[in-house]
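Fold and contact review
Residue strings, one per chain:
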There are 2 protein chains.
Amino acid sequence: MEIIRSNFKINLHKVYQAIEEADFFAIDGEFSGISDGPSVTALTSGFDTPEERYQKLKKHSMDFLLFQFGLCTFKYDHIDSKHITKSFNFYVFPKPFSRSSPDVKFVCQSSSIDFLASQGFDFNKVFCSGIPYLNQEEERQLREQLDEKRAQANGAGAPTKCPVTIPEDQRKFIDQVIEKIEDFLQNEEKSLDLEPCTGFQRKLIYQTLSWKYPKGIHVETLETEKKERHIVISKVDEEERKRREQEKYAKEQEELNDAVGFSRVIHAIANSGKLVVGHNMLLDVMHTIHQFYCPLPADLNEFKEMTTCVFPRLLDTKLMASTQPFKDIINNTSLAELEKRLKETPFDPPKVESAEGFPSYDTASEQLHEAGYDAYITGLCFLSMANYLGSLLGPPKVCVSTRSKLIEPFFNKLFLMRVMDIPYLNLEGPDLQPKRDHVLHVTFPKEWKTSDLYQLFSAFGNIQISWIDDTSAFVSLSQPEQVQIAVNTSKYAESYRIQTYAEYVGRKREDKQVKRKWTEDSWKEVDRKQPNMPGPRSHTNSFTATGMIGKRNLSPDPGESGSEDRELEGISDSELEQIDSCADPLPEGRKKAKKLKRMKKELSLAGTVADGPAVLFEVPDTW
Amino acid sequence: MEIIRSNFKINLHKVYQAIEEADFFAIDGEFSGISDGPSVTALTSGFDTPEERYQKLKKHSMDFLLFQFGLCTFKYDHIDSKHITKSFNFYVFPKPFSRSSPDVKFVCQSSSIDFLASQGFDFNKVFCSGIPYLNQEEERQLREQLDEKRAQANGAGAPTKCPVTIPEDQRKFIDQVIEKIEDFLQNEEKSLDLEPCTGFQRKLIYQTLSWKYPKGIHVETLETEKKERHIVISKVDEEERKRREQEKYAKEQEELNDAVGFSRVIHAIANSGKLVVGHNMLLDVMHTIHQFYCPLPADLNEFKEMTTCVFPRLLDTKLMASTQPFKDIINNTSLAELEKRLKETPFDPPKVESAEGFPSYDTASEQLHEAGYDAYITGLCFLSMANYLGSLLGPPKVCVSTRSKLIEPFFNKLFLMRVMDIPYLNLEGPDLQPKRDHVLHVTFPKEWKTSDLYQLFSAFGNIQISWIDDTSAFVSLSQPEQVQIAVNTSKYAESYRIQTYAEYVGRKREDKQVKRKWTEDSWKEVDRKQPNMPGPRSHTNSFTATGMIGKRNLSPDPGESGSEDRELEGISDSELEQIDSCADPLPEGRKKAKKLKRMKKELSLAGTVADGPAVLFEVPDTW
C-alpha cells in the first residue's frame, strides 16, 4: 500500500493496527546517497574496526535523506498455516510546515540518484507528496513554541501585569489601535479587523491588549488572501472565549501531529518492541534513528545503547545468510539473489498471502528497490531461513516462532559490509577483536597502484590487499610468520613503509589520545559533546533525561508475553521444548543438530571479547 | 523547446544555430536550493560589502545544483519589425558516464524543493533524463585518460620495450595465455576470446602482448552480457589494424563529447561574446561558471576577471528596473510583477514571435519558474525597458540595438539583493564604497530581539536594523551626527557594545590580516590557493595558462562588428548617431534626455571608487 502525504492521516490507523497485530516486521529504506566521502571503497576498508566503520558511516552518510521507507508486517495465521502480510511503501520528505520550521538540507549522490532513476523510482512522489516528519528535538521545540504562543495569546496565560514599553516610533500607532478598540467596545459591532502590520507591531498590540483588557475580548491573527497578517478583535463572553481557545488548541494539536507525521509510524514500531528484520540493515537503522529520533551519538557504545532502546530486537538477513548453516549453501547474499536461492531446495518458501485490501507483490516480476517490496522479500528470506533451521530439528518444526531460541543467536547483530574478519556489529556487547597478526599496514607514494603492491610482496605468495586511501593499504599475508620478515626487509626502504597491524593500531591510539587532549581544551568541542537530549515527555517512546540514554519507556503491549524488552531470557526450558522440540534430538536428526550447534558456537563468540581470530565469514562483494 | 538527454544530440545544431543568429540571449537557472547557511536572511545582510556577499554566496550556495537552464535567443526581424525568439528549456544532471567518472554530490534545500514541487516542477525529468556535463578540469582529465588508454592499447603508442615484471602468483596465468595465443597464431581462426579476468590481469596481458607481439594482432577488451570483461585477440594486417584504431578513436571522441554534454551549450553562448540578459542574475552567473567551467576563485576580483572572460557582456533586468528612469515608475521588480508592469503605459510591449518549430509561450497564463519561460519574459522585460529608453530620445527610437550607448551603462553590473546602499556588483572595476557614517555595529546577548534594539535606540527616532547573526546587527540612524552620541552613551553598558561602522571594518581587516598570516604558514592552505586551472586546449573557450586568468581565447565571430570583447568602445560618434539619433536632442526631447543623463551619472559612479554615499536605490524585499 502506497502511503503519501495526502492519504497518510486517513490510513494511519491501518498502519497502527498492522503493527499491533504483527508477529514481526521487515523494513527497508531508500536513500538519496550512500557515501559522501571520496568513494564507497574508501568508506569500507576491509580491516575497519566496527568503531571505525560506525564513525565513517556517521560522518559520510547521515547527510543523505531516507526518502522511502518500506514496512511489511507479518502475522501467522495458525488455522491456515500461512503468514498474512501487510506491506506499506511510505514516501517521506521534510516539507517545512511553517515559516519558522526547520529547513532541512540534504545531500544527493548522483550515482545513487541515477541508479534509482534507472529503476523507475518516482522522485516527484517524494518531493511533491512525501510525508513530513520531525525528530524528537524538533517535536519538543515545536511543542514549546506552541505553549509559548498560547501563553502569549490573551486569556490563556496570566494577563500582562504592567504596561508594555512601547518604542517612541510605535507609540502613535499603538495609540491609534487603542482608540479604535475603545470605539469598538462602545458600538454594536461583533468584531473589528485591524490593518495588516509587522510582527513586532502585532506583538506590541497583543501585550498592550492583554494588559488593558484582560477579559471580554478575543484577539487573533489571521492571514489575508495576499498573505498579509492582520489582527481581528471580537467581543466574547467567558464561555465563548474558552470554547474558542479549546478549538484553537485542538487545531494546533492536530497541526503538531501532522508535522510529527511519519515519525509516528517509527515510534509505533519502536514501542511495539517486536522483532524488526532487515537486509544489510546497519545504514537503515542509523538513518532511521538519525532522521526520526536524534542526531547519532559520537560514541559507538552510546549508539548501541540508543539502538537497543529504540529497537530491542533486530535481525539482519544478510548476516544470517552469511553464517552457518547457510554460508555453505548460499553463494550470493545480495537480496535479489538470496530471495531466488531461498525458493530452491533444501529451502521451502513460506506460505504467505497479503491481507485483504493490500495489493500483493509478485516475486516473479521483480520490483526491486521499491522499499515496500524489498521489505516484503526480506521478510520472506527471514521466514525461509528460520524454517530451514526448524527443519533441521528432530522432529522437524514447520513454522519457527520469532521467539524461538533457534533465531536468537542472530538478534542484534548487524552485518558489516566488506569487513574481512568481523562479520557483524554486536549491539548487545563488545565487538569481536580478531588478532590480525598476519596483517601489515603499508604506506607508499600516491602513484602506486595495486600492481605495485603485488610486486612488492611477490615473494610472499598469496596476499590480500585492502586499500585505506591513496597512500596506504592493509596487506594480509597467508602466514603470520611472514609478517616479521616483511617488516625487517622494509627497514631500509625509502619510498614505502611497512608496520605490523599491532604497531599501526598502537600509534593510532596514541595520536587519538593527543588529539583528544587538544580538543578537550577547546570549549567548542566540549560543548558539542553534550548532545541536546530531549527530556521526558508525555508520549511513550522517548529517552529519559537522567542518563545520557536511559531505558526505553515502553508502553506494555498486551500482545507480548512479558513486559521486559528481552523476553527470550525469561523462557523456561520446557517452553523452549514445546516451541522447538529440539531438547532431545532423535538419532536421524543428530547431523542436523550438529549443524545448529556449529552455528551457535560461531555466533556466540560475539558475546565475549574473542582473543583469537574470529571464524572467517565469506563476505561477498555485493550490497 | 524542451531538451533532455535523449533529444540533446539531435537538437544541438538547432541550439548552435539559434546562438549564432541571435542578437542577444536571456538566461535563467533553477537550483536545488539557495542558501546552505543558517538562513537566507543571514546570507543577505543589508550592509554586506560586495566582497562579503560574494564570499557568502560562494560558501553557502555553490553546493546546490543548477538543474534546469533556460535559454531564449532573440533575433530582430527588420522587415517585419519584430523579434523572433527561440526558447530552450534544458534539464541538466551530472549523470556519471563511467565507473571512473566523478560522482557529484549536491545539496537540496527542502524549502526550495518544496517550492518548485508546488509549481509543478518535474524532478523525474531532471534525474532520469537530465543532460550530463563536465567542467573544464573534468573534461581535461577525461581527455588525458583517453590518451593514456589509447597509448596503452597495442599499436597506438610505442610497443613496450622490455619484458614486464609478472608477480609470482600471476606467472602461471600469463604463461597459459601466451600458450593459447601461440596456438591461435598457428591455426586458421580469425579471433580468440580469452576467459574473463581481473583488471590487473588484463593490464598484464596488454603489456606482455605489446612486448611479445608488437605487430600482427589486435587486442581489445569487451564486456559479456553478464558485465564481465574479457580480452579478444584478432589477427589483423596493418591496414585493418589502423582502420580499427580510427574507428575506436572516433567512438571514444563521441563518448567524450557526450560526457561534456550541456557544457557545450554554455561554451557556445560564451564564445559568441553576445549580450546575455538575466533577472537578478548573480547566482545564475556564479552557478553557471562553477558548474560548467571551474570552481569559483577565492578572490572577488578574480571572479570578476573570470566572469568577463566567459561572458563579456551581461545585463541584469532587476538592476535596470531599480535604476532611473525606471525606479520612479516601477514599484515591484520581481520578475512576474515586472513583466506585467512593462505591458502598461508608458511602456510598450515589444513585438515578439516564436520561430517556426518552437512552441510559443503565453504570458497571460503564467508558467513561472520554468527556466525557459523565465528566460523568455526576462528578454521581454529587457526589450520593453530598452525601447522605453529609446522613446525618450528625440526623435523617439522604436527599436534599440543591443549595441546602443543607451543600455551600455547597465552592462556588467549585477543586482545585489537586499543591500541597502550598494545596488550592484561591478564586474568591470572596483565596487561602490558608501561611507556608512550613519551606521552602527551592535553586539548583544543572543536573547535579544528586534524589539530590544528598537527600545535601545528609541531616543534616536527612525532607525533601520539589519541583522548579521544571533548576536550582532547593523543599525543605521537617520542622521550621522547621532552616531557619536550613541557610541558615547554605550561606553558603560555591560550587556551590549556599540561601535561605528568604520571601527567595525577596521577591526575586521586587522583580524583578517592576522588570520592570513596564520594560514600562509600552513602549507595546506597555500596549496589550495593555487587552483588547478586548465591549460590551453584545442577547443576555443578556455583560459590560457599564463596568468591566473588570461584573456579569453575568442574565435572571431563574423556576426560581430569587431573582434574585441568590448566593441562599444570602438564605436565612432557617427555610428552612434546612426544607431540612436541622440547626439543632438531636439528641444521637445530635452526633458527626456535629462532623465537619461541622470541615469548615466548614477551608474557611472561605479567606474571610480565613490567616496561619498552612493545614490540610494530602492531595493524591494523580493527575489
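Remember, predicted model here, so these are calculated numbers, not experimental data.

So, the overall build of chain A
The helix and strand inventory of chain A stands at 21 helices and 17 strands. When each of the 623 residues of chain A is scored for burial, the buried share is 50%. Considering only intrachain contacts with a sequence separation of at least 6, the fraction spanning at least 24 residues in chain A is 74%. When the accessible surface of chain A is split by element, carbon and sulfur atoms take 50% of a total near 30200 Å².

Quick look at the pairing of strand β7 (residues 217-223) of chain B
Residue and element names in this part refer to chain B. Bridge count between β7 and strand β8 (residues 229-235): seven bridges; the pairing is antiparallel. Note that in β8 the partner of Thr 221 across the bridge is Ile 231. Hairpin connection of β7 to β8: five residues between the antiparallel strands, including Lys 227 at a positive phi of 70 degrees.

Observations concerning the nonpolar core
Counting 144 residues, the largest nonpolar core has Leu 71, Phe 90 and Phe 303 of chain A together with Leu 71, Phe 90 and Phe 303 of chain B as its most contacted members. Non-local contacts of Leu 71 of chain B, meaning those with residues more than four positions away in its chain, are made with Val 15, Ile 19, Phe 25, Ala 26, Ile 27, Lys 86, Ser 87, Phe 88, Phe 90, Val 265, Ile 269 and Ala 375 of chain B.

Topic: the packing of helix α1 (residues 5-21) of chain B against helix α10 (residues 263-272) of chain B
All names here are of chain B. Viewed as axis vectors pointing N to C, α1 and α10 meet at an angle of 10 degrees, and their least axial separation amounts to 10 Å. By the angle class used here, α1 and α10 are roughly parallel. Contact residues: Phe 8, Leu 12, Val 15, Tyr 16 and Ile 19 in α1; Arg 264, Val 265, Ala 268, Ile 269 and Ser 272 in α10. A breakdown of the residues in the contact of α1 with α10 according to their chemical character gives eight nonpolar, one polar and one charged.

A closer look at the interface of chain A and chain B
Between chain A and chain B, the contact holds 39 residues from the first and 39 residues from the second. Between chain A and chain B lies a buried interface of about 3300 Å² when both sides are counted; carbon and sulfur atoms form 57% of it. Contact with chain B buries area across many residues of chain A, yet Lys 105, Ser 110 and Phe 127 of chain A alone supply 18% of it, more than any other trio. The tally of links from chain A across to chain B stands at two salt bridges.

What about the packing of helix α11 (residues 282-292) of chain A against helix α12 (residues 300-310) of chain A?
All names here are of chain A. Put simply, α11 and α12 touch, their axes get as near as 11 Å, and they point 80 degrees apart. When the interaxial angle is binned, α11 and α12 end up roughly perpendicular. Along the contact surface, α11 presents Leu 282, Val 285, Met 286 and Ile 289, while α12 presents Phe 303, Met 306 and Thr 307. Its residues assigned to classes, the contact of α11 with α12 shows six nonpolar, one polar and no charged.

A look at the pairing of strand β16 (residues 472-477) of chain B
Every other side chain in a regular strand lies on the same face of the sheet, so the side chains alternate between the two faces. All names here are of chain B. Taken across its six residues, β16 has six buried, putting it largely inside the fold. The two faces of β16 match: Ser 472, Phe 474 and Ser 476 on one face and Ala 473, Val 475 and Leu 477 on the other face are all buried. Bridge count between strand β14 (residues 439-443) and β16: five bridges; the pairing is antiparallel. When the bridges of β16 are listed, Leu 440 appears paired with Val 475. Where strand β15 (residues 463-469) and β16 come together, six bridges link them in antiparallel fashion. Note on β16: the bridge partner recorded for Trp 467 is Ala 473. Between the end of β15 and the start of β16, which pair antiparallel, lie two residues.

So, the relation of the copies chain A and chain B
Expressed as a screw transformation, the operator carrying chain A onto chain B has a rotation angle of 180 degrees and an axial translation of 0.0 Å, and the superposed copies differ by an RMSD of 0.1 Å. The transformation relating the two chain copies, once decomposed into turn and shift, fits a two-fold axis. Considering only C-alpha atoms, the part of chain A nearest the rotation axis is Val 107 of chain A, at 2.1 Å. In this assembly, 100% of the residues forming the interface of chain A have copies in chain B that are likewise at the interface, indicating an isologous arrangement.

Looking at the sheet that holds β8 of chain B
All names here are of chain B. A sheet is described by the order of its strands in space; here three strands give the open sequence β6-β8-β7, paired in antiparallel fashion. Lying at the two open borders of the sheet, with one neighbouring strand each, are β6 (191-193) and β7. Averaged over all pairs of adjacent strands, the angle between their axes in this sheet comes to 20 degrees, without regard to strand direction. Of the strands in this sheet, β6, β7 and β8 are in contact with helix α7 (residues 171-186), which crosses β8 at around 35 degrees. Packed onto the sheet, helix α8 (residues 199-212) meets β7 and β8 and runs at close to 170 degrees relative to β7.

Comments concerning the environment of Thr 208 of chain A
All names here are of chain A. Residue position: Thr 208 is located in helix α8 (residues 199-212). Take Thr 208: its relative accessible area is 5%, and that puts it in the buried class. Placed 129 residues apart in sequence, Thr 208 and Ile 79 show a C-alpha to C-alpha distance of 70 Å. With near-sequence residues (within four places) excluded, Thr 208 lies in contact with Val 164, Ile 166, Ile 174 and Ile 178. Separated by 2.6 Å, the side chain of Thr 208 and the backbone oxygen of Leu 204 make a polar contact.

What to know about the side chain of Asp 114 of chain A
Residue placement: Asp 114 of chain A occurs in helix α4 (residues 110-118). Here Asp 114 of chain A falls in the buried class, since its relative accessible area comes to 14%. Here the side chain of Asp 114 of chain A touches Lys 95 of chain B through a polar contact of 3.1 Å, side chain to side chain. Setting aside residues up to four positions removed in sequence, Asp 114 of chain A forms contacts with Arg 5, Phe 93, Lys 95 and Pro 96 of chain B.

So, the pattern of salt bridges
On inspection of all chains with the given rule, the structure shows 46 salt bridges over all chains. One salt bridge connects Glu 254 of chain A with Lys 9 of chain A, and the closest N-O pair in it is separated by 2.8 Å. Of this pair, Glu 254 of chain A sits in helix α9 (residues 238-260) while Lys 9 of chain A is found in helix α1 (residues 5-21), placing the two residues 245 residues apart along the sequence. The class for Glu 254 of chain A is partly exposed, based on a relative accessible area of 41%. Notably, a salt bridge pairs Arg 229 of chain B with Glu 223 of chain B, separated by 3.3 Å at the nearest N-O pair.

Considering the packing of aromatic side chains
Considering all chains together, one arrives at 63 aromatic pairs over all chains under this definition. Note on Phe 90 of chain A and Phe 262 of chain A: the rings are 4.9 Å apart at their centroids and 55 degrees apart in plane angle, and the pair reads as tilted. Of this pair, Phe 90 of chain A sits in strand β4 (residues 82-91) while Phe 262 of chain A sits in the loop between α9 and α10 (263-272), placing them 172 residues apart in sequence. Overall, Phe 90 of chain A belongs to the buried group, its relative accessible area being 0%. The buried category is assigned to Phe 262 of chain A, whose relative accessible area is 0%. Ring plane angle 70 degrees and centroid distance 5.4 Å describe the contact between Phe 93 of chain B and Phe 127 of chain B, whose orientation is recorded as edge-to-face. Here the residue Phe 93 of chain B occupies a position in the loop between β4 (82-91) and β5 (105-109), and Phe 127 of chain B occupies one in helix α5 (residues 123-129), the gap between them amounting to 34 residues. Note on accessibility: Phe 93 of chain B and Phe 127 of chain B belong to one class, buried. Over the ring of Phe 184 of chain B we find Lys 235 of chain B; its NZ or CZ atom is 4.6 Å from the centre of that ring.

Analysis parameters
Residues numbered from 1 in each chain as written. Chains lettered and ligands numbered in written order. Predicted model: local features only at pLDDT ≥ 70, side-chain atom pairs only at ≥ 80, totals over all residues. Heavy atoms only, no water. Helix = DSSP H or I, 4+ residues; strand = E, 2+ residues; numbered from the N terminus. Buried < 20%, exposed > 50% of the residue type's maximum accessible area, 1.4 Å probe, protein only. Contact = heavy atoms within 4.5 Å. Areas by Shrake-Rupley, 256 points an atom, 1.4 Å probe, with all protein chains shown as cover. Pairing = 2+ DSSP bridges. Core = buried A, V, L, I, M, F, W, Y, C linked by side-chain atoms within 4.5 Å. Axes fitted to C-alpha atoms, helices over the stretch in contact; angles between N-to-C directions. Parallel < 35°, antiparallel > 145°, perpendicular 65-115°, else oblique. Nonpolar A, V, L, I, M, F, W, Y, C, P; charged D, E, K, R; others polar. Buried area = accessible area lost by both parts, 1.4 Å probe. Salt bridge = Lys/Arg side-chain N within 4 Å of Asp/Glu carboxyl O. Least-squares fit on C-alpha atoms with pLDDT ≥ 70 in both. Polar contact = N/O pair within 3.5 Å; in protein donor to acceptor, adjacent residues only side chain to side chain. Phe/Tyr/Trp six-rings, centres within 6.5 Å; stacked < 30°, edge-to-face > 60°. Lys NZ or Arg CZ within 6 Å of the ring centre and 35° of its normal.

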